[in-house]
Amino acid sequence: MSEKTLPKRARAVVVGGGVIGCSTAYHLAKLGWEDVVLLERKQISCGTTWHAAGLITTLRDTEAQTRMAQYSLQLYSELEAETGQATGFINCGSLQMAASLEKAEEMRRGCAMARTFGVENREVTPAEVKELFPLAYVDDLVAGFYFPDDGRVNPADVAQALAKGARKRGVNIIENCKVTEVLFAGERAVGVQTENGDITAEVVILCPGMWGREVGLSAGVDIPLQAAEHYYLISEPIEGLHNNLPILRDPGRAAYAREEAGKILLGFFEPVAAPWGVDGIPDNFCFDEIQPDWERMEPHLERGMGRLPILLDTGIRQLFCGPESFTPDHNYLMGRAPFKENLYIACGFNSLGILSGGGAGNVMAQWINDGIQPMDIWDVDIRRIQPFHNNKSFVVDRIYESLGIAYQMHWPNRQWDSARNVKQSILHDRLAAAGACFGESAGWERPNWYALTEQKAEYEYDFGRQNWFDNNRAEHMAVREAVGVFEQSSFTKLLIQGRDACSVLNQIATAEIDVMIGNVVYTQFLNRRGGVEADLTITRLAQDCYLLVTAAFTQIHVHAWIHENIPVDAFCLVTDVTGSYAMLSVQGPNSRALLSSISSTDFSNTNFPFGTMKNIEIGYQNAMAIRLSYTGELGWELYVPTEMALPVYDQLIAAGKEHGLKHCGYHTLNTLRIEKAYREWAHDMGPLETLLEAGLGFTAAWDKAGGFIGRDALVAQRDAGVLKRRLVQFLLDDPEPILARNESILREGERVGYTMSSGYAHTLGACAALGYVNHDEGVTPEFITQGRYTIEQANRSYTARASLMPMYDPKSIRTRS
Ligand SMILES: Cc1cc2nc3c(=O)[nH]c(=O)nc-3n(C[C@H](O)[C@H](O)[C@H](O)COP(=O)(O)OP(=O)(O)OC[C@H]3O[C@@H](n4cnc5c(N)ncnc54)[C@H](O)[C@@H]3O)c2cc1C
């Protein structure tokens, strides 16, 4: 292309002409956006899109991912009629196979969840699998699962159809035009520089596929992804094959299959992958393939072909290898770039880009158009990413494992094996010596549970009670009856400082922040729809200084949220001090006596009431003690300068013996907080649930001067009368089962919602869960108490009790004792 044909300005510039870029441009145009320009460095679909296998399977891990896949399926079935460009869409259905009891259980749970989200499916016997796909070997199968609505497409044609639909609506698609830089005015993206000249734009959307990391680095955004070899083989023709054969997905053999023009296409998700283009993708890459590594793939081919034994006697026409980008947590990277304005990202689709492409483009376009996300996509939101994720060695080492994870067992609490020990607390070795079994969150190694001396500190995964169940019970009961210590140094800690710190925070937070020095406030940040964007505590340390504490995995999101809401003329600075303090949370009825034995501070209710902070001394060391509880018991969080944490910990442990002190892990924090119905952001509430629906209206200072972001929406909801959706605590009647999440909740036999999080409530004696109940006529307390509830897991139903108030210590007497 020449400089002359490049427009000087556009309303939106989309970078990348794969399925994601085309879909985003198409949907922006559909929303009425004019002057949208899509820039593609070579040709439409020439990156990864052209060679994808085109499976559109709607059983996904989360609601957001399911909804995006469902949307794609619908869109692709209609695109040809709309654009005249064929997409190869065939509604052939799909079959997922389980060759072990564990996989069958996982599938039954997944299928039940999918039904909750409206994805039709049914379990079938191995014999029925054979009927649906006569060439399949079924003797090793435990069960099959049939999804009649699933389908397949020709991905290159889908991209072309989206491009054609976009062009029809006025999008200017320019090929052979590489974007070399995103242009900024401060933090605001104002256009792009290309090899052929600059374009100014109101919004820039980066959809550069496997080039994402490189493009991100040039724009100052962490986009951690890495290309890897990704394979399928095409057989010689096989007589009698027809294109309505369902797609086969065979996790046990890390393989999938479908008909392809009278042949079989057999694809692989091998457990140990091979990163590709680690030192950079060749500049002239365009519809290219990778030389297949036959030797590495041979065992996988053999295993996969065993599912369709006819392949063992049929020649292989081609072993195709193409690069696809994978991310460190096997989730996409979408949304608004943190700390930037008008810059959006959508890439890193982990071999799910075709099936999510329609939906992802739709979400992106709506987000850009409305300035707010249309659905809760936290699991794929770019704001979950921290700088360490983008460390080259980390990304590459994790990608070996990340590709294959899709087809492996998705055990509850499953941990990554690769790229571990990114962040360790100063107390790590002490905790390991105490028996900690570490789990990873936001790069931190955190004690999830503590093994006994004779036990290995290792997970034995199971869908029922895992090997740490009894350890958890003992830890849980120690906190209820004596005292426990939780090492929580990973928690995000931000200092908000400056003469306008108070007014800035007061605008963002629901609660009154202009409190006395030393007071602690539990509060939320809301978006303008009243949806919950963050859940945190804020302690006033000085007139112009606040300490904000929130979950480790929300570090970037919360920091960016404050940053974006500081008016340009305000004097207010945010500093991340997470690493400067270790945090030990001492919880339980004996916590007062224990802390009194190592500190001269008066920990009595009168001197040190709930929701306050004091600087205390422990031996020669200093700490900030904050009286709070996420356990439902009397307790204090100790924020100790990192360099003083070891001696403080040693004194605590030594003195703890007399008070029944027990090391407690994050699983115990979870079971305690679920029992007390304390919420966790991104689990029990998110941008789509309002403060009132989440049951946290008590934090709102309705009448504070200047209001707060989201107040208007909240007031409208409050004034409209009774809520149609509310978070409710459930307790199973049967003490045996272990719930996870996304299980359907039925009231009087009717589906009213699904579970958000769960944990074994050891004091109450059964598994508890939090979940939303929806009812258009209003979710009143009577509606909750007068219903009979069951919770569905896999193909089982459990009766449950429901309550709007916490079932454990509803009046919070213990935390204030
Ligand atoms: C073997 C194989 C099988 C697969 N099977 C399936 C499947 O069955 N179902 C499914 O859902 N997914 C499948 N996938 C995954 C799917 O193909 C991808 O997730 C999807 O194509 C990614 O789309 P994208 O638009 O993000 O990336 P791409 O298609 O790579 O598009 C990115 C585009 O951006 C352009 N670009 C990059 N940098 C710049 C720049 N600086 N300036 C301008 N343009 C730029 C590139 O040239 C490229 O065209 C498969 C992938 C492989 C490899």
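In this report, the structure presented in the accompanying data block is examined. (Residues numbered from 1 in each chain as written. Predicted model: local features only at pLDDT ≥ 70, side-chain atom pairs only at ≥ 80, totals over all residues. Heavy atoms only, no water.)

**Here we look at the overall build of the protein chain**
Right, on to step 1. Counting secondary structure elements, the protein chain contains 18 helices and 37 strands.
Right, on to step 2. The C-alpha atoms of the protein chain give 27 Å as radius of gyration, which agrees with the globular expectation for 817 residues (28 Å, within 12%).
Right, on to step 3. Each principal axis of the C-alpha atoms in the protein chain carries an extent, and together these give about 80 × 65 × 55 Å.
Right, on to step 4. Counting every position in the protein chain, which comprises 817 residues, the buried fraction comes to 63%. (Helix = DSSP H or I, 4+ residues; strand = E, 2+ residues; numbered from the N terminus. Rg over C-alpha atoms; globule rule 2.2 N^0.38 Å. Buried < 20%, exposed > 50% of the residue type's maximum accessible area, 1.4 Å probe, protein only.)

**Some words on the packing of aromatic side chains**
Right, on to step 1. Here the structure, examined in full by the defined rule, presents 22 aromatic pairs.
Right, on to step 2. With centroids separated by 4.8 Å and ring planes inclined at 40°, the aromatic side chains of Trp411 and Phe463 adopt a geometry described as tilted. Residue Trp411 is located in the loop between α9 (392-402) and α10 (428-433), and its partner Phe463 is located in the loop between β20 (444-450) and α11 (469-481); the two are separated by 52 residues in the primary sequence. For the pair Trp411 and Phe463, a shared accessibility class is recorded, and that class is buried.
Right, on to step 3. On the numbers, 6.2 Å between centres and 75° between planes, the contact of Trp449 with Tyr459 is edge-to-face. (Phe/Tyr/Trp six-rings, centres within 6.5 Å; stacked < 30°, edge-to-face > 60°.)

**Brief notes about the site of the ligand**
Right, on to step 1. The full set close to the ligand counts 37 residues, and Glu40, Arg41, Thr49, Glu324 and Leu355 are the nearest of them.
Right, on to step 2. Contact between the ligand and Gly18: an oxygen atom at 3.5 Å from a main-chain N or O atom of the residue.
Right, on to step 3. Glu40 is positioned with one of its side-chain polar atoms (N or O) 2.6 Å from an oxygen atom of the ligand.
Right, on to step 4. Compared with its free state, where it exposes 1,000 Å², the ligand has 98% of that area covered by protein.
Right, on to step 5. Elements with a minimum of two residues in the shell around the ligand: α1 (19-30), β12 (226-235), β16 (316-326) and α8 (353-370).
Right, on to step 6. For the shell around the ligand, the class distribution of residues is 20 nonpolar, 13 polar and 4 charged. (Near = heavy atom within 4 Å. Polar contact = N/O pair within 3.5 Å; in protein donor to acceptor, adjacent residues only side chain to side chain. Areas by Shrake-Rupley, 256 points an atom, 1.4 Å probe, with all protein chains shown as cover. Nonpolar A, V, L, I, M, F, W, Y, C, P; charged D, E, K, R; others polar.)

**Remarks on the sheet that holds strand β33 (residues 744-747)**
Right, on to step 1. With respect to topology, 6 strands assemble into a closed barrel ordered β32-β35-β34-β33-β36-β37, the strand pairing being antiparallel. Put simply, the sheet's adjacent strands are angled 40° from each other on average, direction ignored. (Pairing = 2+ DSSP bridges. Axes fitted to C-alpha atoms, helices over the stretch in contact; angles between N-to-C directions.)

**Some remarks on the sheet that holds strand β28 (residues 613-618)**
Right, on to step 1. Taken in spatial order, the 6 strands line up as β28-β29-β30-β27-β21-β31 in an open sheet, and their pairing is mixed. Bordering the open sheet on either side are β28 and β31 (661-664), each of which pairs with just one other strand. Adjacent strand axes in the sheet meet at a mean angle of 30° when their direction is disregarded.
Right, on to step 2. With 4 bridges connecting them, strand β29 (residues 621-627) and strand β30 (residues 635-641) associate as antiparallel partners. The residue of β30 that forms the bridge with Ile626 is Glu637.
Right, on to step 3. Packing of helix α14 (residues 591-598) onto the sheet brings it into contact with β21 (483-487), β27 (581-587), β28, β29, β30 and β31, and relative to β30 it is tilted by some 35°. (Contact = heavy atoms within 4.5 Å.)

**Section: helix α13 (residues 555-564)**
Right, on to step 1. Taken across its 10 residues, α13 has 8 buried, putting it largely inside the fold.
Right, on to step 2. Buried within α13 are the following residues: Gln555, Ile556, His557, Val558, His559, Ala560, Trp561 and Ile562.
Right, on to step 3. Residues of α13 that are buried in the fold lie against β22 (492-497), α12 (501-508), β23 (520-526), β24 (532-542), β25 (545-550) and β26 (573-576).

**Some words on helix α16 (residues 666-675)**
Right, on to step 1. With 9 of 10 residues buried, α16 lies mostly within the body of the structure.
Right, on to step 2. Backbone geometry just after α16 places Ala677 at a positive phi near 60°.

**Observations regarding the environment of Ala136**
Right, on to step 1. With respect to the helices, strands and loops of the structure, Ala136 is situated in the loop between α4 (126-132) and β6 (143-147).
Right, on to step 2. Since its relative accessible area comes to 0%, Ala136 is described here as buried.
Right, on to step 3. Sequence spacing of Ala136 and Leu308 is 172 residues, and the spatial spacing of their C-alpha atoms is 4.9 Å.
Right, on to step 4. Dropping the residues within four chain positions of it, Ala136 is found in contact with Lys130, Leu248, Arg307 and Leu308.

**Describing the nonpolar core**
Soluble globular proteins: nonpolar side chains tend toward being buried together.
Right, on to step 1. In this structure, Val13, Leu39, Val204, Leu206, Ile223, Ile264 and Leu266 are the most contacted members of the largest nonpolar core, which totals 62 residues.
Right, on to step 2. The dominant element in this core, judged by the number of residues it contributes, is strand β11 (residues 197-206), at 4 residues.
Right, on to step 3. In this view, Leu39 contacts Leu6, Val13, Val14, Val15, Gly16, Gly17, Ile174, Cys177, Val179, Val192, Thr194 and Ile199; residues no more than four positions away in its chain are not counted.
Right, on to step 4. One finds Ala12, Ile44, Leu162 and Val363 within the second-largest nonpolar core, a separate group that totals 50 residues. (Core = buried A, V, L, I, M, F, W, Y, C linked by side-chain atoms within 4.5 Å.)

**Some details on the packing of α1 against helix α2 (residues 63-83)**
Right, on to step 1. Axis separation between α1 and α2 bottoms out at 14 Å; the angle between their running directions is 75°. Between α1 and α2, the crossing angle belongs to the class labelled roughly perpendicular. Here α1 contributes Val19, Tyr26, His27 and Lys30 to the contact with α2, which in turn contributes Tyr71, Leu75, Tyr76, Leu79 and Glu82.
Right, on to step 2. For the contact of α1 with α2, the residue count by class is 6 nonpolar, 1 polar and 2 charged. (Parallel < 35°, antiparallel > 145°, perpendicular 65-115°, else oblique.)

**A closer look at the pairing of β16**
Right, on to step 1. Within β16, 8 of the 11 residues are buried, which leaves it mostly tucked inside the rest of the structure.
Right, on to step 2. Relative to β16, β12 is paired through 10 bridges, and the arrangement is antiparallel. Residue pairing for β16: His230 is matched across the bridge by Gly322.

**Re the side chain of Arg679**
Right, on to step 1. Within the element layout of this structure, Arg679 appears in the loop between α16 and α17 (711-719).
Right, on to step 2. One polar contact links the side chain of Arg679 to the main-chain carbonyl oxygen of Ala694, over a distance of 2.7 Å.
Right, on to step 3. Residues within four places of Arg679 in sequence aside, it is in contact with Asp535, Tyr630, Arg673, Asp684, Met685, Ala694, Gly695, Leu696 and Leu727.

**A short note on the layout of surface pockets**
Unoccupied space between atoms shows up once a probe the size of one water molecule is rolled over them.
Right, on to step 1. Within this model, the second largest pocket holds a volume of roughly 420 Å³.
Right, on to step 2. Broken down by element, the residue count for the lining of the second largest pocket peaks at 3 residues, all from α13.
Right, on to step 3. Considering only residue class, the lining of the second largest pocket consists of 7 nonpolar, 5 polar and 8 charged. (1 Å grid on protein atoms, 1.4 Å probe; cavity = no way out; pocket = protein on both sides within 12 Å on 5 of 7 lines; lining within 4 Å. Points joined across faces, edges and corners; volume = space filled by probe spheres on them.)

**Looking at the pattern of salt bridges**
Right, on to step 1. Tallied over the full model, the rule gives 34 salt bridges.
Right, on to step 2. Across the salt bridge formed by Arg336 and Glu564, the nearest N and O atoms sit 3.8 Å from each other. In this pair, Arg336 is assigned in strand β17 (residues 333-336) and Glu564 in helix α13, connecting sequence segments 228 residues apart.
Right, on to step 3. We classify Arg336 as partly exposed; its relative accessible area is 23%.
Right, on to step 4. We note a salt bridge from Arg383 to Asp381, for which the minimum N-O separation is 2.8 Å. (Salt bridge = Lys/Arg side-chain N within 4 Å of Asp/Glu carboxyl O.)

**Structural notes on the side chain of Asp809**
Right, on to step 1. Of note, Asp809 is situated in the segment after β37 (796-803).
Right, on to step 2. Despite its burial, Asp809 pairs with no opposite charge; the closest candidate is Arg814, at 5.2 Å N-O.
Right, on to step 3. Only 2.9 Å separates the side chain of Asp809 from the backbone nitrogen of Arg814, close enough to count as a polar contact.
Right, on to step 4. Beyond its immediate chain neighbours, meaning those up to four positions away, Asp809 contacts Gly632, Lys676, Arg814 and Thr815. (Lys, Arg positive; Asp, Glu negative; His and termini not counted.)

**Some details on the pairing of strand β35 (residues 766-774)**
Right, on to step 1. Across the 9 residues of β35, 8 count as buried, placing the element largely inside the fold.
Right, on to step 2. Where strand β32 (residues 725-732) and β35 come together, 7 bridges link them in antiparallel fashion. Its bridge partner lying in β35, Val728 is registered against Gly771.
Right, on to step 3. As paired strands, strand β34 (residues 750-761) and β35 are joined by 6 bridges and run antiparallel to one another. Its bridge partner being in β35, Ser757 is matched across the sheet by Leu770.
Right, on to step 4. In sequence, β34 turns back onto β35 through a hairpin of 4 residues, with Gly765 there showing a positive phi of about 90°.

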